[in-house]
Amino acid sequence: MLDQAHRLRELALAERHLTSDGTRVSRRISVTSGKGGVGKSNFSLNFAILAARLGRKVLLIDADTNLANLDILLGVSPKYNLSHVLAGLKGVRDILVDGPEGISILPAASGNLEQVLHEGIGSGAIIADLNSLEDDYDIVVMDTGAGASRTVLDFTLFSDIIVLLTTSEPTSITDAYAMVKLISAEKADVEIKLLVNLVRNKQEAVEVFDKLSTVINHFLKIEVHYLGYLPRDISVERAVHMQEPFINAFPKSPVSVQLKFIARKLIQVGEIQDDGAGLFGGFFRRGS
Ligand SMILES: Nc1ncnc2c1ncn2[C@@H]1O[C@H](COP(=O)(O)OP(=O)(O)OP(=O)(O)O)[C@@H](O)[C@H]1O
Ligand SMILES: [Mg+2]
């Protein structure tokens, strides 16, 4: 008899997105924010784990150079990262780190990525490797740094879905608006989903969404979708201290319960738009 995980995996395989020539296209989700420290890395990691549990093969790209890095959240220290690939010491697949529930993590600090994407260092072979890597996965989750560096913008522009995090603080909301403005200046048809973190309840989150989406709609003429909220929950901080994902350390906590709703919603939404260029192929074309 098939076990649950196996059945889910089979279902996911059946759902894989195919282009007209029969090749698979993975869904790219970038996680971004205007202001820093609003919960991107915690969301990315725990969402990636839930997506894996829902039967998806997940690549999590750690594109952040900040202290709250995915490796610290997991208590692992990757031996190699993209700089070793750039130096010709390792191949892209050699630097992958095994995460929980079979997710793969690509330690790709943004400084390195900038080198690949904009200075052309390492050139075609690395890009081809990165593109073929993407083909191995159903979902690519990109945990970006905060704010509007060129690399963060590139990640968001080459995503099928942008998960934009904000809190209810006016500074965070203002910075989220600024981020949407930058993104929309370069790409009109973006799919932005707002996730309001660190709130007391759903009402607080909906108020933030209403305020922000109204202003964005009025001034930028684009529609932002409501993805959901995560409550302020001491479990997150505790899990960070334990260097364990909160979804594993505290699976029944309020934040975990909410994230499970969000993960299902995010995975099952809409059809992806294939721009015909692989993630890194797209980057490479822009930067070269
Ligand atoms: N829902 C939550 N409840 C309680 N605390 C939270 C929650 N989400 C995040 N935090 C706290 O905020 C801190 C920052 O979170 P995280 O590192 O995920 O943010 P980030 O947006 O990735 O930051 P950076 O912009 O520096 O990359 C966490 O260490 C945790 O203590
Ligand atoms: Mg982070």
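Every chain's residues receive numbers from 1 upward, in the order its sequence appears when written. Whichever chain is written first is A, and whichever ligand is written first is 1; the rest continue in order. For this predicted model, a pLDDT threshold of at least 70 governs which residues receive local features, and a threshold of 80 or more governs which side-chain atom pairs are given and counted, while totals over whole chains, interfaces and linings are taken from all residues. Just so you know, side-chain values use all the structure's heavy atoms and leave hydrogens and water out.

1. Points about the environment of isoleucine 127
Only DSSP runs of H or I with at least four residues qualify as helices, and only runs of E with at least two residues qualify as strands; both kinds are numbered from the N terminus onward. Among the secondary structure elements, isoleucine 127 is positioned in helix α6 (residues 123–135). Between the alpha carbons of isoleucine 127 and valine 92 there is a distance of 9.5 Å; along the sequence they are 35 residues apart.

2. Details of the confidence of the model for the protein chain
Confidence in the prediction of the protein chain, expressed as mean pLDDT, is 82, and 76% of residues score 70 or more. On a scale of 0 to 100, pLDDT captures the predictor's confidence in every residue. Element-level mean pLDDT values for the protein chain span from 44 in strand β1 (residues 17–18) up to 98 in helix α11 (residues 246–249). Residue contacts are defined here by distance: any two heavy atoms, one from each residue, within 4.5 Å place the two residues in contact. Note on residues 7–25: pLDDT under 50 across the span, and 30 contacts to partners over four residues away in sequence or across chains. This stretch, residues 282–288, has a pLDDT under 50; its non-local contacts, to residues over four places away or in other chains, come to 17 contacts.

3. Brief notes about the sheet that holds strand β7 (residues 139–143)
Spatially, the 8 strands line up as an open sheet ordered β5-β6-β4-β7-β3-β8-β9-β10, and their pairing is mixed. Of all the strands in the sheet, just β5 (97–98) and β10 (224–231) have a single pairing partner and so form its edges. To get an axis, a line is fitted to the C-alpha atoms, and for a helix only the part in contact is used. The angle between two axes follows their N-to-C directions and goes from 0 to 180 degrees. Contacting β3 (27–33), β8 (161–166) and β9 (192–199), helix α8 (residues 170–186) runs over the sheet at an angle of about 155° to β8. Sheet strands touched by helix α12 (residues 254–268): β3, β7, β8, β9 and β10. Its angle to β10, the strand with the most contacts, is close to 155°. Two strands qualify as a pair provided that DSSP identifies no fewer than 2 bridges between them.

4. Focus on the side chain of asparagine 197
For asparagine 197, the position within the fold is in strand β9. At 2.7 Å, the side chain of asparagine 197 forms a polar contact with the backbone oxygen of valine 38. Sequence-distant contacts of asparagine 197, that is, excluding residues within four places in its chain, are made with Val38, Gly39, Leu165, Thr166, Thr167, Ser168, Leu230 and Pro231. Pairs of N or O atoms within 3.5 Å make up the polar contacts considered here, provided that, within protein, one atom can donate a hydrogen while the other can accept it, and that residues adjacent in sequence are counted only when both atoms are side-chain atoms.

5. Concerning the nonpolar core
Of all hydrophobic cores here, the largest spans 38 residues; its most connected members are Phe43, Phe47, Ile103 and Val163. It is helix α2 (residues 40–53) that contributes the most residues to this core, 8 residues altogether. Filtering out sequence-adjacent residues up to four positions away, isoleucine 103 remains in contact with Leu45, Ala48, Ile49, Ala52, Val58, Leu60, Val97 and Asp98. As used here, the term nonpolar core means buried Ala, Val, Leu, Ile, Met, Phe, Trp, Tyr and Cys residues forming a set that is joined through side-chain atoms within 4.5 Å. Any residue under 20% of the maximum accessible area for its type is buried, any over 50% is exposed, and the rest in between are partly exposed; the area is computed with a 1.4 Å probe on protein chains only. Ranked by size, the runner-up nonpolar core spans 26 residues in total, among them Ile162, Leu164, Ile192 and Phe209.

6. Some words on empty space enclosed by the protein
Here the term cavity refers to a set of points on a 1 Å grid, laid over the protein atoms alone, in which a 1.4 Å probe fits but cannot get out; the term pocket refers to an open set having protein on both sides within 12 Å along at least five of seven lines, with lining residues being those that place an atom within 4 Å of a point. Grid points are joined across faces, edges and corners, and a volume is the space filled by probe spheres set on the points. Counted by the stated rule, this structure contains 1 cavity of 30 Å³ or more. Size it by volume and the largest cavity reaches roughly 30 Å³. The wall of the largest cavity is formed by Asn42, Leu45, Asn46, Leu73, Ala239, Val240, Glu244, Pro245 and Phe246. Elements with a minimum of two residues in the lining of the largest cavity: α2 and α10 (234–242). Asp, Glu, Lys and Arg are counted as charged, while Ala, Val, Leu, Ile, Met, Phe, Trp, Tyr, Cys and Pro are counted as nonpolar; the rest, among them Gly, fall into the polar class. Here the lining of the largest cavity is composed, by residue class, of 6 nonpolar, 2 polar and 1 charged.

7. What to know about α10
Within the sequence span of α10, burial applies to Ser235, Val236 and Ala239. Each buried residue of α10 sits inside an arc of 100° when the element is viewed along its axis, so together they form one side. Buried residues along α10 sit against α2, α11 and α12. Trailing α10 by a residue or two, glutamine 243 shows a phi angle of about 55°, which is positive. The arc refers to the directions leading from the helix axis to the C-beta atoms.

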